[in-house]
Amino acid sequence: MRIKQHWFLWGFFVSVQLLQAQEKEPSIEAQQVTVVKSFNPEVIKVFKQRPKPQTYDSLAQKQQSVTFSFEDFPVVSTFTPNKATPLKLQRKQTGPLYNALGALGVGGSGQTYLNAAASVVLDRVQTFGLELLYDETSRNLAEQRLPTHRSQFSGLLTHNYTLRNSRWDTRLKFQAHQNNFYGLLDVPNVLEDALESLDPINKRTYFQLQTQWRNYDGIVNEIPLQLHLYGDSFETRETFLVFNPRFRADLGSSFVDLKLNFTGGQNSFTEDFLRATAAEYTHGVGQAALMWTRLGQRLKWQVGAKVAQYFTDDAQAESAELGIYPEFQLEIKPKKGSLRPFIKATGGEQIWSLQELSSQNPFIAPVVNILPEVQIFKAQLGFHSAIGKKIDFMWEAQYEQYDRKGFFKRLPYQQGNNLKAFEYSNAFQRVYDAFNQLSFHSTLAYSFGKDNSLQFEAVYRDPETETLEAAWNIPEIEASAKAFVRLFKKAQVQLKYTFVGNRKGASYTYFNNLNPGDNPATVVDVAAFSQVQAEVLYQLHPRWEIFSRLQLNTGDPNSRWLGFPQFQQLFLAGVQYRFNLNL
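So, here is what we can say about the structure in this document.

Helix and strand content of the protein: two helices and 29 strands. Split into buried and exposed, the 583 residues of the protein put 38% on the buried side. Considering only contacts within the protein whose residues lie at least 6 apart along the sequence, 61% involve residues at least 24 apart. Looking at the protein as shown, the accessible area adds up to about 33,900 Å², and 57% of this sits on carbon and sulfur atoms.

As enumerated under the stated definition, the model contains 13 salt bridges in all. Residues Glu 192 and Arg 145 are paired through a salt bridge, measuring 2.4 Å at the closest nitrogen-oxygen approach. With Glu 192 in the loop between strand E9 (166-180) and strand E10 (201-215) and Arg 145 in the loop between strand E7 (126-137) and strand E8 (150-162), this residue pair connects regions lying 47 residues apart in the sequence. The exposure class assigned to Glu 192 is partly exposed, which follows from its relative accessible area of 26%. The class of Arg 145 is exposed, set by a relative accessible area of 51%. Its salt-bridge partner being Glu 545, residue Arg 578 comes within 3.3 Å of it at the nearest N-O pair. Within this pair, whereas Arg 578 is found in strand E29 (residues 569-579), its partner Glu 545 is found in strand E28 (residues 544-555), the two being separated by 33 residues in sequence. The exposure classification of Arg 578 matches that of Glu 545, with both residues buried.

Let's shift gears to unusual backbone geometry. Even without being a glycine, Ser 109 presents a positive backbone phi close to 60°. Within the secondary structure, Ser 109 sits in the loop between strand E5 (100-107) and strand E6 (111-121). Residue class for Ser 109 comes out buried when judged on its relative accessible area of 9%. The backbone of Lys 489 shows a phi angle near 65°, a positive value even though the residue is not glycine. Note that Lys 489 resides in the loop between strand E23 (477-487) and strand E24 (491-500). Using a relative accessible area of 30% as the deciding quantity, one classes Lys 489 as partly exposed.

Within the secondary structure, Gly 218 sits in the loop between E10 and strand E11 (220-232). By relative accessible area, which is 44% here, Gly 218 ends up partly exposed. A C-alpha to C-alpha distance of 8.7 Å links Gly 218 and Phe 247, two positions 29 residues apart in sequence.

Under the criterion given, the structure shown has 24 aromatic pairs. Each ring, one from Tyr 182 and one from Phe 363, has its centre 5.8 Å from the other, and the planes form 85°; the classification is edge-to-face. Taken as a pair, Tyr 182 in the loop between E9 and E10 and Phe 363 in the loop between helix H2 (354-360) and strand E19 (373-387) lie far apart in primary sequence, 181 residues in all. When sorted by exposure, Tyr 182 lands in the same class as Phe 363, which is buried. Ring-pair connections join several aromatic residues into one group, and the members of that group are Tyr 182, Phe 363, Phe 408, Phe 428, Trp 561 and Phe 564.

Moving on, we get to the environment of Ala 117. Among the structural elements, Ala 117 can be located in strand E6. In this structure the C-alpha to C-alpha distance between Ala 117 and Leu 133, which are 16 residues apart in sequence, comes to 8.6 Å.

In this fold, Asn 267 is placed in strand E14 (residues 254-269). Of the residues examined, Asn 267 reaches a relative accessible area of 0% and is grouped as buried. At a separation of 3.1 Å, a polar atom in the side chain of Asn 267 contacts the side chain of His 283. Setting aside anything within four residues of it in sequence, one finds Asn 267 in contact with Arg 237, Glu 238, Ala 279, Glu 280, Tyr 281, His 283, Leu 354 and Ile 370.

A separate point is the nonpolar core. Counting 49 residues, the largest nonpolar core has Leu 195, Ile 370, Phe 407, Phe 422, Tyr 424 and Trp 472 as its most contacted members. Mapped by element, the contributors of at least two residues to this core are strand E12 (237-243), strand E15 (279-295), H2, strand E20 (391-410) and strand E21 (428-448). In this view, Trp 472 contacts Phe 407, Phe 408, Lys 409, Val 431, Lys 504, Gly 505, Ala 506, Ala 521 and Val 523; residues no more than four positions away in its chain are not counted. In terms of nonpolar packing, the next biggest core, distinct from the first, is built from six residues, Ala 103, Tyr 113, Leu 133 and Leu 537 among them.

Each value, and the rule that gives it
Residues numbered from 1 in each chain as written. Predicted model: local features only at pLDDT ≥ 70, side-chain atom pairs only at ≥ 80, totals over all residues. Heavy atoms only, no water. Helix = DSSP H or I, 4+ residues; strand = E, 2+ residues; numbered from the N terminus. Buried < 20%, exposed > 50% of the residue type's maximum accessible area, 1.4 Å probe, protein only. Contact = heavy atoms within 4.5 Å. Areas by Shrake-Rupley, 256 points an atom, 1.4 Å probe, with all protein chains shown as cover. Salt bridge = Lys/Arg side-chain N within 4 Å of Asp/Glu carboxyl O. Phe/Tyr/Trp six-rings, centres within 6.5 Å; stacked < 30°, edge-to-face > 60°. Polar contact = N/O pair within 3.5 Å; in protein donor to acceptor, adjacent residues only side chain to side chain. Core = buried A, V, L, I, M, F, W, Y, C linked by side-chain atoms within 4.5 Å.

Everything listed is a geometric property; what it means functionally is a separate question.
What follows is the structure, given as structure tokens:
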């Protein structure tokens, strides 16, 4: 009987509590969530890929993972739990991505800029690319006695074929440059009349075929091949070949590399400047390097050696012996801290093509004496350091010793030049000498925000030659700064600053009936030169963009090369249109 009474009391108590719970107001407030803005990654420029953040490794380049931060967005708290249908996220619609563009720009000093480019995916494994570029400055500097206008036209075709374990890249490139030998320092009276009939223009053409096969699984690592043809308006001709296959054997915790290299070709000059005779020869450098590399967590090293041999059919060239050079690298990563000291020792031989020399100095004469540079050794001692996750710093000291090093030196006057544009002491030759140099290098890179970066580089040199009067046109100090900043999602700003310090140049006095080879050079100090380049790109529409470019040259005489001043300022503005191209 007592048991039944207990159950009755418990049942009555629970029933009362349930009735009271139904009468109370709900404790959860009605809420609703409305997403105002969501994160949406967007491609800023299709044809200008930004470099991935990475920390430099002296023995191997390893990509670091990229961490993206999501943008904060406001939320209105109005969540309603008693509704059966959840709210849908309103995503921001992304604009279409285009695979082609066309650009047109004009500016002061007769500037014209035309550019067309496309990158088309043919199928899952093939990509085709095309680019055409025309850049001209048709107006001449007022203070120069000879024309200074210049132009450039280039075309590029690319094809990429990618499989699971290999990749094949092919490039066809054509370039046509026009520039003038206008850098007159002093014109003797006996040559004054000739300037009225002189045509100082030099037209250079360049065709290149480059192919590279990369293998990601096997002993054959890569096989690159490059062939180019070069010519100018003075009937100079060059055929140049670069072939440097690489083989790698994986030994587990280490690997062995074998690098072969052949660089050389045939050069033909109508008339040698000093000998006044035609010059034609075939020459090249063959090298083989064998290296053993181990990449540990704390210690990374590479040891090996390189052999090189120069050969030529030029009867006036000196015979060369087989050279042996070191290949050594060591890098230490301490357990604590980000400071990574390193030491390197390398060497070898290198032969420059006439096309490469003319890219470094467009005012080089088409009668160049080309010899290989022989670097006995190059020692480097320094360290890398990461300050936080956004700043990378590198500093190193270098000591180089050359048995033969090439320099750009101004040519003297030539007697009876027959109106040849480069024989008025207004062009550069290539001279060689034994060379020692102590230098200090430093770089600082800073990444902030999305696609924003700063980079600084500086070099100090103390060059010393053996027989030459000076290390011609080697600047004592060089520095550069680069910045890329994205503003308001639709604007991009790119800045570049270049500084070339004091250097030694050559000047000549005209002597009648004197052999040019006997004309002594006067060493002159060339003032420092600096250049600022700025570009602003603003997106008006997913298809339309406007851009402007500014270039400022400062220093006396506003030029990298003595006697060849440039415009103090150049400004260009234009429009760019994006579209889709289907093949």
